[in-house]
Amino acid sequence: NTCMIKSVDSIENYLLYLLNEDKHKGQDIIDNDVLDKIELLQENAKQWKQQQESKQGHRPKPLSVVLSFPMGTTKEEFISISLEKIHLWIRKISAIDKLALDDNDIELFVKSIPYVAHYKESNPHVHFLVPKIFPNKKSNSDTYINLYKYKYSDPLYKISGWSTKQKVHHKQL
């Protein structure tokens, strides 16, 4: 299992790459209506930005989170396992920021996250475009969360089978 978190400069170019069959030869490309879901995600970020007192800065772009699985993970299980891991991560985020989200809220949020999965028996992996705007039931509003912060990224590494320490060591090798 590996986990990568990175920013996305151009969502359009990233999606073109993810959905390009020529660049993913020998892989099944599976998505969850990614184009429609990304539109909703961008609209939500736009609405959140318009409600902010400070109009400086950009609308928050989603973060690319890639979960990879060991060779031999079946086509039937790698997406469901990755969705479970994202669910657990969102639950952690809700607890950290006291968003008061229950499992049903988290399930709806996870279902709204766009993804593109690439299945090749030797390298099954899923690319999620995770929004930085989260529902907050406690305040009854949306909350911006900087997912790059260690307190958010490290739980995902641990859920996916890595610690940040292991991740850095692996990159050094």
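Residues numbered from 1 in each chain as written. Predicted model: local features only at pLDDT ≥ 70, side-chain atom pairs only at ≥ 80, totals over all residues. Heavy atoms only, no water.

Novice: Residue-level account of the pattern of salt bridges, with values.
Specialist: Per the counting criterion, the structure on display carries six salt bridges. Salt-bridge contacts for K25 lead to D22; the nearest nitrogen and oxygen are separated by 3.6 Å. This pair shows no difference in class: K25 is exposed, exactly as D22 is. Where K137 meets D102, a salt bridge forms, and the shortest distance between an N and an O atom there is 3.7 Å. Taken together, the residues K137 in the loop between β6 (133–136) and β7 (141–144) and D102 in the loop between α3 (75–96) and α4 (103–112) connect sequence positions 35 residues apart. For K137, a relative accessible area of 43% gives the class partly exposed. With a relative accessible area of 35%, D102 lands in the partly exposed category. (Salt bridge = Lys/Arg side-chain N within 4 Å of Asp/Glu carboxyl O. Buried < 20%, exposed > 50% of the residue type's maximum accessible area, 1.4 Å probe, protein only. Helix = DSSP H or I, 4+ residues; strand = E, 2+ residues; numbered from the N terminus.)

Novice: Go over the sheet that holds strand β1 (residues 2–7) with me, naming the residues and quoting the values.
Specialist: Spatial strand order, β1-β3-β5-β4-β2: five strands in an open sheet with antiparallel pairing. Every other strand in the sheet has two partners, leaving β1 and β2 (28–31) as the edge strands with one partner each. Ignoring which end each strand starts from, the neighbouring axes of this sheet average 15° apart. Pairing of strand β4 (residues 115–119) with strand β5 (residues 125–130) involves four bridges; the strand directions are antiparallel. Within β5, the residue paired with H118 across the bridge is H125. (Pairing = 2+ DSSP bridges. Axes fitted to C-alpha atoms, helices over the stretch in contact; angles between N-to-C directions.)

Novice: Please provide a residue-by-residue account of the packing of α3 against α4, values included.
Specialist: The geometry of α3 relative to α4 is characterised by a closest axis approach of 10 Å and an angle of 125° between their N-to-C directions. It follows that α3 is oblique to α4 by the angle criterion. Seen from above, α3 lies across α4 with right-handed handedness. Every residue of α4 that contacts α3 at L83, I86, H87, I90 and R91 is listed here: D103, I106, E107, F109 and V110. Classifying every residue of the contact of α3 with α4 gives six nonpolar, one polar and three charged. (Parallel < 35°, antiparallel > 145°, perpendicular 65-115°, else oblique. Left-handed = near helix turned anticlockwise from the far one by under 90°. Contact = heavy atoms within 4.5 Å. Nonpolar A, V, L, I, M, F, W, Y, C, P; charged D, E, K, R; others polar.)

Novice: Provide a residue-level description of the layout of surface pockets, including the pertinent values.
Specialist: For the largest pocket, the calculated volume is near 200 Å³. Along its surface, the largest pocket is lined by 13 residues, and L40, L41, N44, F109 and S112 are the ones closest to its centre. Looking at the lining of the largest pocket, the elements with two or more residues in it are α2 (34–50), α4 and β6. The element contributing the most residues to the lining of the largest pocket is α2, with four residues. Looking at side-chain class alone, the lining of the largest pocket contains nine nonpolar, two polar and two charged residues. (1 Å grid on protein atoms, 1.4 Å probe; cavity = no way out; pocket = protein on both sides within 12 Å on 5 of 7 lines; lining within 4 Å. Points joined across faces, edges and corners; volume = space filled by probe spheres on them.)

Novice: Outline empty space enclosed by the protein, listing residues and values.
Specialist: Evaluation of the coordinates by the stated rule reveals one cavity of 30 Å³ or more. For the largest cavity, the calculated volume is near 40 Å³. Around the largest cavity, the lining residues are L41, N44, A45, P60, K61, P62, P131, K132 and I133.

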